[in-house]
Amino acid sequence: MREAPRHNLPAEPNSFVGRERDIGELCRLVGDARLVTLCGIGGIGKTRLALRVAAQCAPAYPEGVWLAELARISRPELVVREIARALGVREERGRPLLGTVAARLRDGRCLLVLDNCEHLIDECAEVAAALLASWDELAILATSREPLRIAGELVWRVPPLDLPEGAEARAESVRLFLDRAAAAGTRLDDGSLPDVVRLCRELDGLPLALELAAARTSLLSPGQIADRVHDRFSLLTTGERTAPARQRTLLAAVEWSYDLLSDREQVLLRRLSVFAGPFDLDLAEQVCGGPPIAGSELVDLLGALVDKSLVLCDESRSHYRLLATIRHYAAGLLREAGEHDALRERHLAVLCELQERYFATELVEPGVPWPRRLEALTRSRGLLDDQRAALDWAAESGDVDRALRLCSTSTGLLPVSGNPLEIVGWIERLLALDLSGVTPGRVAQADGFLAYGLEARDELGRSLEYALRSLEDLDEGFQRCVMHSLLVMVLLRMGRAGEAAHHAELGLALATAAGDTWNQAAGLAGLSAVALVRGRLREAQRHGDEALARACEHGHRWIMARAATQLGAVAEARGDLATAKARYELAVPWLDELGGGVDLARVLARIGRVAALLGEFATARERLAASLELSRRTGQRQGVARCLVGLSVLAEAEGDLESAVPAAAAAAALRASIGQRSGTARIEELLARARAKLGEGRTTALWARGGRMSPDDAARLVLEGARPPEVDPGPPTPPGATPLAITPSAGDPLIGALPVGHSPLTAREREIAGLLTGGLSNRAIAEELVISPATVARHIANIMEKLGYTSRAQIAVWAAEQPSA
């Protein structure tokens, strides 16, 4: 007689991808707890995961593993009948069916799988409790969109599949998509990987959504699907015919969950769709409260949505978020309910108020301990996605004044967070709108931020001039001081040191009168920078020391790091490299505490370059490698170019011109590709030394090779000693001819072109550079050459641009090293 099967688990319809860690953990939990409930949103993969766990646990249950599929029934009284059917139990006359089922389960150790309990949750809870009480060798593994809430239940929230951190194929979500696309007959090559990664992120790693998207690859490429995923409910509609109706389309899966909510739960879910990122209870109450939701019941409604897997929360239940798919669905319903505009307005108003409060705590208020300032910054950054959503709505609705207010207080967008480029984009968009309701001072402030973040000279000049004209109309003292400090940096970049000094002094005077230590530190740092440009090193040192003292009094790590970095630049200009390195190192832990980023990468690159010149090669290599990784991670090509320059310095200091020249060429090529000028004088000096040691032909060939190398390859050349293939230097250069590695194209005038061996300065510029070696002021040089001080300033700005320098002291050092005519 054939032995009866010990389970009724179905064969898997296709390969099971990922969740290896989850399966191992759940198998242990099922062995320890008598009731484990897998909770999660529809389409998260609860059923597939439960079936895989049950199959792996089967050997531990001699009396079998039995699956009751509850999705097919709709009435509570049928729950016990479905379990009985799974066990092969028939109803007896005169005996409750539940009693018969319990008796059957008492035959030995067995595992009962209750799949899809959510629509009959009360009955499932009662039946499960009764069965567990009847026999202590019974274990139950349930799947539901909310917990059963009975004694002894262990709730395990099923997470989405792992998302890729970069463009890599090992993440579970990517593996699932590629597997299901292959099953649909589509073999995707490595070139499709970036689009697959983008799609997996857009779909939050939701398995059902990924499977439906993969089915579309027979008609659309992953890139085309990703471009259309904003309309996901129309796009993702081709599930398997044998799947339950609720899982054949993404819309059906979400609607199934939504329809199980109470009326007030539905209202709250719709309103929560205005949040673009994580939110806390306080924020939800401020934005989403109001009839028909009473203030006191919002916390319970939010908890219910978490329990029903429509809202995700962290372990402490302090922050919540919606998956993008749920947010898209709920946002559509919010529009249908006629609440969209009102909720977006309330969201914008609340965000403005919150950001002004965080800004005041982090920067403005005196005497605030650093932990509280850091907490305010962290909270502000945590709302960055919502700040962007609020700005988007403000721009869409024409509320430019509130949008500019939000820009000016969002420390997640401001230079204090290290990247001014995003705020430039927002301000450009806002200033293109109707400004009739915006005060001139607010527009001037926006133009100040714009000037600080812009590189293009014409646009920068226009924004700068408007900011200078209307700055006095800005009636907020702290913000006006901030603008003065930003303008100092902009004016120095343009070679207008006199005007920069004026704004540094104005900002410092205002800050001192107000007892504003942040802006005192910023003003003193600006004065130090002006003095450094003018070659007044003692004055630069004095102002820098005072800036660091005021910064430490305030306590914010960013302004402390800025002052320390300024002192490092002063020491470097003085030739005191050991002090320069020590000052730069001061800034590292402060910037690291703020989360690293662009500012930390810049300081690490400076340390690496200075350490190389000091002969501390291990430190130089470590700091430059760390800077390079940070710049890569934050997408900063300018930072990568800065690291390549530092690596070129390191290679030459180690006596390796064969690596120094290609690294410098790669840096020049990268800077040319992003529209930046390279330091021509530095390159000239390096190439002169290379020609003397390696010869003209070899130097030319190495420069050409470096200009064609990727930044990563050029960096590896120095960091790892990965030598490039030998290159043919070509025929010897005829006597008197100018060597060129390759003929530059009109589109890329610097890439591959070897600088020729002559000074880039005009005769007058060389004359002025020579006078700077004597420490003369612009007025003294003007008197010497019988020209105006303004003309001298213009010539010095041109010299800085041509040589790639930022200070008069650097020009003076360069001029002193030039051979006499």
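Residues numbered from 1 in each chain as written. Predicted model: local features only at pLDDT ≥ 70, side-chain atom pairs only at ≥ 80, totals over all residues. Heavy atoms only, no water.

A separate point is the packing of aromatic side chains. Scanning all chains against the criterion turns up five aromatic pairs. Arranged with centres 6.0 Å apart and planes meeting at 25 degrees, the rings of Phe279 and Tyr320 form a pair that is stacked. Of this pair, Phe279 sits in the loop between helix 12 (263-272) and helix 13 (281-288) while Tyr320 sits in strand 7 (residues 320-321), placing them 41 residues apart in sequence. The same class applies to Phe279 and to Tyr320, which are both buried. Grouping aromatic residues by their ring pairs yields a cluster made of Phe275, Phe279 and Tyr320. (Phe/Tyr/Trp six-rings, centres within 6.5 Å; stacked < 30°, edge-to-face > 60°. Helix = DSSP H or I, 4+ residues; strand = E, 2+ residues; numbered from the N terminus. Buried < 20%, exposed > 50% of the residue type's maximum accessible area, 1.4 Å probe, protein only.)

Another point: the pairing of strand 1 (residues 35-39). A regular strand carries its side chains on alternate faces of the sheet. Of all five residues that make up strand 1, five are buried, and the element is covered over most of its length. Burial of strand 1 is two-sided: the residues Leu35, Thr37 and Cys39 facing one way and the residues Val36 and Leu38 facing the other way are all buried. Across five bridges, the pairing between strand 1 and strand 5 (residues 153-157) is parallel. Across the sheet, the residue bridging to Cys39 is Arg157, located in strand 5. (Pairing = 2+ DSSP bridges.)

Ordered by their spatial adjacency, five strands build an open sheet running 2-3-4-1-5, and the pairing between neighbours is parallel. Looking at strand neighbours, the two that pair on one side only are strand 2 (65-69) and strand 5, the edges of this open sheet. Each neighbouring strand pair of the sheet contributes to a mean axis angle of 20 degrees, computed without reference to strand direction. The pairing of strand 1 with strand 4 (residues 138-144) spans five bridges and is parallel. The partner of Leu35 across the bridge, within strand 4, is Ile140. Across the sheet, helix 2 (residues 46-57) lies against strand 1, strand 2, strand 3 (110-115), strand 4 and strand 5, angled at about 160 degrees from strand 4, the strand it touches most. Packing of helix 3 (residues 78-87) onto the sheet brings it into contact with strand 2 and strand 3, and relative to strand 2 it is tilted by some 140 degrees. (Axes fitted to C-alpha atoms, helices over the stretch in contact; angles between N-to-C directions. Contact = heavy atoms within 4.5 Å.)

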